[in-house]
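# Coordinate inspection notes
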Amino acid sequence: MGKNPLKIISIIAVAIVLAISFWYSPAWLKLCYGLALFLFGMQSIEEGLHNAAGGMLERLMAKSTATPLRSMLFGMGATFVLQSSTLVSLLTMAFLSAGLITLAGGIAVILGTNLGATSGIWLLALAGQSISLSPAAVPMLVFGILAGFFKGKMKGFGRVLVGISLIFLGIDAIKDGFQSVGSTFDFASVQVQGAAEVAIFSFIGLLLTIVLQSTHATLILTLAALAGGQISLAQAFAIAIGSNVGTSVSTAFVGMLGSDRGGQRLAMAHLLFNVVTAFLSLLLWIPITSAVQAAGNWLGMSNLLQLAFFHTIFNVLGLIVFWKFQNQLADELLRRLPDSAQAGLQEPKRENKRHALYLNENMLRSGDTALRAVCKEIEHLNTLSLEVICQALFISEQELYENVSSNELGLPEKVQKVDVQTLYQDRIKPLYGELVEFTSKTDIDERDDRQILLMNAHMVAMQMVEIVKGSKHIQKNMQHYLQQPQSPVYQEYLDLRAHLFDTLKYFYQTSLLEANSPERTDNIALLAQHVEMLDTAFRTSVLEKLRAGEIDSWQTTSLMNDINYAKRIGLGLLDILREETDLMNHPADKEPKAA
């Protein structure tokens, strides 16, 4: 896959501009150095906690979204631990896309992440006062690097320590950098006042957050500038409002590009929540800021703590406004953003090239969502494969989905050559390739049970692909003899065609049933008996006709070979149903409870 030359040129241009600016301004270099340490520290904490938790976050989310209150508390807790509302939001989108939580439950989690994000600004405000964090950071960095030489959860814990130490070092570097460049960037002396000042600094907060992809990074810069006197408290308040909108814009952009309809709806809910909250905060700007400053002065808060207090107040305001309208918002989003692709095992759209419906980069953020996405995509692959096999048997794809039995299966009106290989190249191979690529990217530890399930899912997909390839062997003789009603084996090929159609119908209908339902178990047993009929009924009939001289040895050989291929298809589909039952019994593949 070729790289975008414009993107490469842009990156090189930015790197050159930064290098030149570093050469002319050591203070600017120190500020950027501190910001880089801070951002990398945040990434290290996210990665370390994800590795150390061993899937705990995913399992906790799946269990903690039964009610709106529990969903919100989960969002608050996860954001407090991970200190990244964007990460928790994207994980929630992935869970929603995978069907592990409902849209209403996802909206409640998003409300919680916004409130949980306020904990970060409080921590940064406390750390950003006159205390130097470097003395604590250095030993923490040493112990974190030492822990990184171990494996498993200890390595993840070491990564967290390294991340915290880098954040501490970054905070100190940012404070020093702002003190050095204070004379150059003194926004506190800006002549613009009133609504224009608030709008300008809100836009600065929005822009900074979109560029840095981190509310915390924007707020630590704001805190450092506020502590150094480069901005006023009112300007800091405005930047905080803009940063809140900026994080939802970034999340919405990723959600729109990297999620299915469910993720897109949640991304829009997040954006709507923050935009409305920002609008209300600006509308009530004077009473809110006056109340915060009055309370802060009465409690003896510094400017930094007053900024944290303001950040909390306007997020609580948004929560109060949206709390009672979660279900209505979910319904409206479902209406405004209907499903663009049919889900489950329904008949897909008619087009030449088929691609994955459920695989996207967002799903890779969690082992459970990745596994769930793979399972749903295999259902899609199975449906396409059944359609190709139907075409190989000169059966209308529509008859697979309708209540048609083999007794009602009409004779093929026109037996034209069907190029199964081309159908495979267009419909099956691209989708299978995307499945293989996706499974290779999943971040699941080899000792995790989910790795075994993922390998089993991959084997199911590979087995279905082999079944499709095998159908072209039957198609050749089927086409030849179905055009010759006078042939002595014409009826045998009609019967074999009807038998295979029943096999496909059994498979399709069984795959729609719940994993542990008695009907599914009964259907699998019936399918096994149906496949065995090829030996007991078909082979016996063919050999009797050969002995009676009704068919010759050439026709017998053709029939026997095609019976073997039909049996392989039946046994393969039977194995897939059994493997899928095991996959469906895994907690990651359970349907969500209503929130």
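Along every chain, residues carry numbers that run from 1 in the direction the sequence is written. It should be noted that, the model being predicted, local features are given only for residues of pLDDT at least 70 and side-chain atom pairs only at 80 or more, the latter also being counted only at that level, while totals for whole chains, interfaces and linings use all residues. With hydrogens and water set aside, each side-chain value is computed from the structure's full complement of heavy atoms.

Per an unreviewed UniProt entry, the protein is named Na/Pi-cotransporter II-related protein, and its organism is Neisseria canis. UniProt positions are given in the numbering used here, feature names are shortened, and annotations may be inferred rather than shown by experiment. Under Subcellular location (unreviewed entry), UniProt gives the following word-for-word description of the protein: "Cell membrane".

## Side note on the overall build of the protein
Along the backbone of the protein there are 22 helices and zero strands. Throughout this description, buried means an accessible area under 20% of the type-specific maximum (1.4 Å probe, protein chains only), exposed means over 50%, and partly exposed covers the range between. A total of 595 residues make up the protein; the buried ones form 52% of that total. Contacts were defined at the residue level, with two residues in contact if any of their heavy atoms lie within 4.5 Å. Considering only contacts within the protein whose residues lie at least 6 apart along the sequence, 81% involve residues at least 24 apart. Of the accessible surface of the protein, which amounts to about 27,800 Å², a share of 63% is contributed by carbon and sulfur atoms. Runs of H or I in DSSP of at least four residues are treated as helices and runs of E of at least two as strands, each being numbered from the N terminus. Every accessible area reported is derived by Shrake-Rupley at a probe size of 1.4 Å, with residue values counting cover from the shown protein chains alone.

## Points about a nonpolar patch on the surface
Patch membership is restricted to residues that have no salt bridge and whose relative accessible area is over 30%. Joining uses 9 Å for like charges and 5 Å for the nonpolar side chains Val, Leu, Ile, Met, Phe, Trp and Tyr. Salt bridges, as used here, are contacts in which a Lys or Arg side-chain nitrogen is within 4 Å of a carboxyl oxygen on Asp or Glu. On the surface, Val138, Val142, Phe143, Ile145, Leu146, Phe149, Phe150, Met154 and Phe157 cluster together into a nonpolar patch covering about 960 Å² of accessible area. For the nonpolar patch, the elements supplying multiple residues, two or more each, are α7 (134–147) and α8 (153–180). Examining the composition of the nonpolar patch, we find that five residues originate from one element, α7, more than from any other. For Phe150, a relative accessible area of 52% gives the class exposed.

## So, the nonpolar core
Grouped together as the largest cluster of nonpolar side chains are 71 residues, with contacts concentrated most on Leu393, Ile428, Phe438, Tyr493, Leu496 and Leu504. For Ile428, the residues in contact, after removing those within four places along its chain, are Leu381, Leu384, Ser385, Val388, Leu423, Val465 and Val468. Here the nonpolar core consists of buried residues drawn from Ala, Val, Leu, Ile, Met, Phe, Trp, Tyr and Cys, with membership extended through side-chain atoms lying within 4.5 Å. Ile174, Val198, Ala217 and Leu305 belong to the second-largest nonpolar core, a separate cluster that totals 43 residues.

## Some thoughts on the packing of aromatic side chains
Ring pairs are drawn from Phe, Tyr and Trp, using the six-membered ring of Trp, whenever the two centres fall within 6.5 Å, and their geometry is named by plane angle: stacked under 30 degrees, edge-to-face over 60, tilted for the rest. As enumerated under the stated definition, the model contains six aromatic pairs in all. Look at Phe273 and Phe322: their rings are 5.1 Å apart centre to centre, the planes differ by 70 degrees, and that puts the pair in the edge-to-face class. Linking Phe273 in helix α12 (residues 261–283) with Phe322 in helix α14 (residues 303–323), this pair joins segments that are 49 residues apart in sequence. Here Phe322 falls in the buried class, since its relative accessible area comes to 12%. Arranged with centres 5.5 Å apart and planes meeting at 80 degrees, the rings of Tyr401 and Tyr508 form a pair that is edge-to-face. Taken as a pair, Tyr401 in helix α17 (residues 397–401) and Tyr508 in helix α20 (residues 490–511) lie far apart in primary sequence, 107 residues in all. Of the residues examined, Tyr401 reaches a relative accessible area of 18% and is grouped as buried. Put simply, the rings of Phe237, Trp285, Phe310 and Phe314 pair up and form one aromatic cluster.

## Considering the environment of Gln398
Relative to the assigned elements, Gln398 resides in helix α17. Sequence spacing of Gln398 and Glu387 is eleven residues, and the spatial spacing of their C-alpha atoms is 8.7 Å.

## So, the confidence of the model for the protein
Residues of the protein with pLDDT of at least 70 account for 82%, and the chain-wide mean is 79. Here helix α3 (residues 56–63) is the element of the protein with the lowest mean pLDDT, 66, and helix α13 (residues 285–299) is the one with the highest, 91. Scored below 50 in pLDDT, residues 341–351 makes 30 contacts in the model with residues more than four places away or belonging to other chains. pLDDT is a per-residue confidence score from the predictor, ranging from 0 to 100.

## What to know about α7
Taking 1.5 Å per residue, 14 residues should reach 20 Å; α7 reaches 20 Å between its end C-alpha atoms and fits that length. Burial in α7 covers these residues: Ala137, Gly144 and Ala147. Within α7, the buried residues cover an arc of 85 degrees as seen down the axis, which keeps them to one side. The exposed residues of α7 that point more than 90 degrees off its buried face are Pro135 and Phe143. How far a helix is expected to stretch is found by multiplying one less than its residue total by 1.5 Å. This arc describes the spread of directions from the helix axis toward the C-beta atoms.

## Some points on the environment of Leu494
Mapped onto the secondary structure, Leu494 falls in helix α20. Here Leu494 falls in the buried class, since its relative accessible area comes to 13%. Through-space distance from the C-alpha of Leu494 to that of Leu482 is 7.4 Å; in sequence the pair is twelve residues apart.

## So, the packing of α12 against helix α15 (residues 326–336)
For helices, the axis comes from a line fit to the C-alpha atoms of the stretch in contact; other axes are also lines fit to C-alpha atoms, and the angle between any two N-to-C directions lies between 0 and 180 degrees. One way to put it is that α12 packs onto α15 with a least axis distance of 10 Å and a crossing angle of 125 degrees. Looking at the two axes, α12 sits oblique to α15. Classified by chirality, the crossing of α15 by α12 is right-handed. The segment α12 lies against α15, with Arg265, Met268, Ala269 and Leu272 engaging Leu329, Leu333 and Leu334. When residue character is reported, Ala, Val, Leu, Ile, Met, Phe, Trp, Tyr, Cys and Pro are called nonpolar, Asp, Glu, Lys and Arg charged, and the others, Gly included, polar. Residues that form the contact of α12 with α15 fall into these classes: six nonpolar, no polar and one charged. The cut-offs work like this: below 35 degrees is roughly parallel, past 145 is roughly antiparallel, 65 to 115 is roughly perpendicular, and the gaps in between are oblique. By the definition used in this description, the sense in which the near helix is turned from the far one sets the handedness, with an anticlockwise turn below a right angle giving left-handed and a clockwise turn giving right-handed.

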